Amino acid sequence: MSSPTAEAIEVPSSHETQHPRRPSQPDHPLSDLDKETLAAYEGHDADIPSNEGYVLDARGDLKRRQSIAASHKASRKSLEQNGTKDVEKAGEEVSTEEDDSNIVWWDGPDDPANPVNFKPVIKLLNICLVSAICFVTPLGSSMFAPGVPILMKEFKSDNVELASFVVSVYVLGFAVGPLFFAPLSEIYGRLPVYHCCNALFFACNIACALAPNLNFLVGFRFLAGVFGSAPLTNGGGTIADLVTQEKRGKAMSGFVMGPIIGPISKSFCLHC
Amino acid sequence: MIDLTSSVGPVAGGFLSQAKGWRWTFWVLCMLSGLFGLLSLVFMRETYAVVILERKTLRLQKETGNKELRSKLDVGLSPRDFFLHSIIRPMKMLVKSPIVLLLAVYVGVIYGYLYLLFTTFTPVFEETYHFSSGIVGLTFLGLGFGSMFGVGFFAWSTDRVFKARKEAMEAAGEETADGSAMQPEARLKLLLPAYCLIPTGLFIYGWTAQYKVQWIVPILATVLIGIGNIAVFMCVSLYLIDAFAFYAASALAANTVIRSIMGAVLPLCGQKMYDTLGLGWGNSLLGFIGLALLPVPWAILKWGEFLRKKYEIKNL
C-alpha cells in the first residue's frame, strides 16, 4: 500500500460517490449511527473497524481501496514471477474491488470463532475478569491517600506539593496510557495488551511497595497509572465484542457510566 | 469513570495503612492484580473480531496460496496510521474545535477539584477533626455516595434517551443523521443544575470544616460535589458522542488527556492554598472559580450548534 496507483483511484464506485458515509457492508443490518455509537463505546473513531463493521469518510475509503489495489498488484506480480497463472485466478484479477470470493468473513452466523458465539461461560468469565481488572486499577488511584502523612514522615519530607502529587500523579498516567494502548489493541488485539499491562501494573506496584524514596514512588505511581489505564481503555471494547447488538443497549449504557458500575449492574450478567 | 472506586479505595486503604503501614496498600494491589492477571492468562480470549479475522486471513493465505484474500474488516490502515489516528486526531480536535477545547478545560477543572479533595481529605480530617488514619478513609465515602447516586440516576435515564434519539432519527430519516433531528445540545440540559451543586458543595464543605461543625455536615456537602461531578462528566461525554458522532472517540480522548493532566496538576496547589487561605476561603476560592465557569454550559447550550457548524470537524 505504499504508492497510490492510478488504477486504485479510478475504480468505479457508483453509490459511494453520492454517499461519502456509505454503509461499509450493505448486507449488514446496522446503521451508520449504530456503528458510530459502537465505535465510541469501543473507544475508537468510526473509521477504525469494530466487530460490526465501520463507517468511512471519503479519505478513509480512498485509503482502503488503495490498499486493496496495492495488495492485488503485489499478488499479481508474484503470480507472474512464478508463472503459475491458472485460468480461474486470471478472471478474478480483473475485478479489483469488493471481490466476494477473496473476502474472509465468519463461516456462517454460528461460527464458533466469532466472539458473539462464544459459550456463555467463556463470555461471562471474560466480562467478569475485565470488570475485576477495571475495578482494581482505579482502586490504586487513591487507596493509599490516608497513608500519605505516615509516608511523608517515613521519608522525612514536609513538601506539601509532593504529598499531593504522589497521589495525583497516577491520573497523569491515565492521560498518556490510552493514547498508546488504543492503537496497540487495534493492531495486535486486546489480549496481548491486557496481559502485558497486567504484568507491568503488577510489577510497578511491587516497585511502589518497596520504594526506597519519594521520587522513586512518584515515578512508579505514574507508570502504574499508565499501565492501569489499559483495561479502562479497552474494557468497553471487550464487552462490546461479546454482547450482541440487541442486548448491548443496557450493558453499554452501564459501561459509559463507568467501568465500575457497568460490570456490577446485574444487567451485565443477565445479558451475556 | 474512576470516581467511584477512587472513593471506595481509601476506606480499605485507611484501615490497612493504620494496621500494616502504607506499603501494604500496594501489596494488596499486587495480590489483586496478580490474581486477576493470572486468571486472565488462563481464561481470557481474544475478542476483537478485526484481529481474529486478520489471523484467519493470514492462515488461509498460507493454506491456499491466494495472496488476495483479505479480511472483511480490513480497512488497509498501517500501524503508523493507527497511532496517528489515536494521538494526532485528539490533538487536532483540541485545536480545531473550540467546543472540544472548552469542554475539556471545563471538565478538567472539575476533575482537578475532585483530586484536590482526594489529596486533602486526609490532612483536613486528621487535623480539624482528629480522625485516625483508619477512620479518615471513610470520609471519602461522601464523594463515593454522591457519584453512585449520580450514576444510578443516569443509568436509569440514558437508555431512555438513547431510545428516544434512535426513534427520532428513524422517524426523521437518514438524511438528518448529522443531528438536525435531535440537537446534541439537548444532552446538556441537565448540565447547568448539576453543575451548580459543585460550587454549592464547596462553599458548605469549606465553611463548615472551618468552623468545625459536626463532621457529617462537610461530608454531606461532598455528596453534593460527587453528584455534580459525575453528572457533569456524563452529560459532557454523551454530548461529545452525539455531537462528534464519527469522531466521538477522538473527542473523548482529547477530553481525557486534558482532564487527566488537570486532575494530576491542580491538587498540587491544594494544601498550600488551604494553609494560606484556611479551609473556608480556600474552598470558597474554588467555589468562586466554579461560579465563574457557570456561563460555559449556558453558552454551549446557546451557541453550541453554531460553533459546531462553523468549526465542523471532517477528514481529520
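Shown above is the structure to which this text applies.
Residues numbered from 1 in each chain as written. Chains lettered and ligands numbered in written order. Predicted model: local features only at pLDDT ≥ 70, side-chain atom pairs only at ≥ 80, totals over all residues. Heavy atoms only, no water.

(A) Main features of the overall build of chain A. Helices and strands together make up the secondary structure of chain A, namely 13 helices and one strand. By residue count, 58% of the 272 residues in chain A fall in the buried class. For chain A, the share of sequence-separated contacts (at least 6 apart) that also reach a separation of at least 24 residues comes to 66%. On chain A, roughly 11100 Å² of surface is accessible, and the fraction owed to carbon and sulfur atoms is 63%. (Helix = DSSP H or I, 4+ residues; strand = E, 2+ residues; numbered from the N terminus. Buried < 20%, exposed > 50% of the residue type's maximum accessible area, 1.4 Å probe, protein only. Contact = heavy atoms within 4.5 Å. Areas by Shrake-Rupley, 256 points an atom, 1.4 Å probe, with all protein chains shown as cover.)

(B) Just the environment of B:Leu307, in detail. Residue and element names in this part refer to chain B. Here Leu 307 lies in helix H11 (residues 295-310). Of the residues examined, Leu 307 reaches a relative accessible area of 22% and is grouped as partly exposed. Here the alpha-carbon distance between Leu 307 and Ala 254, two residues 53 residues apart in the chain, equals 17 Å. Setting aside residues no more than four positions away along its own chain, Leu 307 makes contact with Pro 98 and Ile 99.

(C) Region of the structure containing the packing of helix H8 (residues 160-188) of chain A against helix H9 (residues 248-265) of chain B. With their axes 7 Å apart at the nearest point, H8(A) and H9(B) run at an angle of 165° to one another. As summarised for this structure, H8(A) and H9(B) are arranged roughly antiparallel, according to the angle between their axes. The interaxial crossing formed by H8(A) with H9(B) has left-handed handedness. Contacts between H8(A) and H9(B) pair A:Phe165, A:Ser168, A:Val171, A:Leu172, A:Phe174, A:Ala175 and A:Leu179 from the former with B:Thr256, B:Val257, B:Ser260, B:Ile261, B:Gly263 and B:Ala264 from the latter. For the contact of H8(A) with H9(B), the residue count by class is nine nonpolar, four polar and no charged. (Axes fitted to C-alpha atoms, helices over the stretch in contact; angles between N-to-C directions. Parallel < 35°, antiparallel > 145°, perpendicular 65-115°, else oblique. Left-handed = near helix turned anticlockwise from the far one by under 90°. Nonpolar A, V, L, I, M, F, W, Y, C, P; charged D, E, K, R; others polar.)

(D) The arrangement of the packing of aromatic side chains in detail. Within the structure shown, the criterion is met by 24 aromatic pairs over all chains. For the ring pair A:Phe144 and B:Phe26, a centre distance of 5.1 Å and an interplane angle of 55° mean the geometry is tilted. Taken together, the positions of A:Phe144 in the loop between helix H6 (120-142) and helix H7 (148-154) and B:Phe26 in helix H2 (residues 23-43) put the pair across two chains. Taken together, B:Tyr111, B:Tyr115, B:Phe118, B:Phe121, B:Phe125, B:Tyr129, B:Phe131, B:Phe140, B:Tyr205 and B:Trp215 form an aromatic cluster joined through their ring pairs. In this structure, B:Lys72 packs its charged tip against the face of A:Trp105, placed 4.7 Å from the ring centre. The lysine or arginine in question, B:Arg259, covers the ring of B:Tyr111, its NZ or CZ lying 4.9 Å from the ring centre. (Phe/Tyr/Trp six-rings, centres within 6.5 Å; stacked < 30°, edge-to-face > 60°. Lys NZ or Arg CZ within 6 Å of the ring centre and 35° of its normal.)

(E) Focus on the interface of chain A and chain B. The partner chain B presents 108 residues to the 124 residues of chain A that form the contact. Taken together, the two surfaces of chain A and chain B that pack against each other cover about 10300 Å², and 68% of this comes from carbon and sulfur. At the junction of chain A with chain B, the criterion picks out four salt bridges. For B:Lys56, the salt bridge identified is with A:Asp111, shortest N-O distance 3.8 Å. At the boundary of chain A and chain B, one finds 19 residue pairs in polar contact (both at pLDDT 80 or more). When residues of the side of chain A that touches chain B are assigned to their parent elements, the largest contribution, 20 residues, is made by H8(A). A per-class count over the side of chain A that touches chain B returns 70 nonpolar, 31 polar and 23 charged. Where strand S1 (residues 103-104) of chain A meets strand S1 (residues 70-71) of chain B, two bridges bridge the pair, whose relative direction is parallel. By the bridge assignment, A:Ile103 is partnered in S1(B) with B:Arg70. (Buried area = accessible area lost by both parts, 1.4 Å probe. Salt bridge = Lys/Arg side-chain N within 4 Å of Asp/Glu carboxyl O. Polar contact = N/O pair within 3.5 Å; in protein donor to acceptor, adjacent residues only side chain to side chain. Pairing = 2+ DSSP bridges.)

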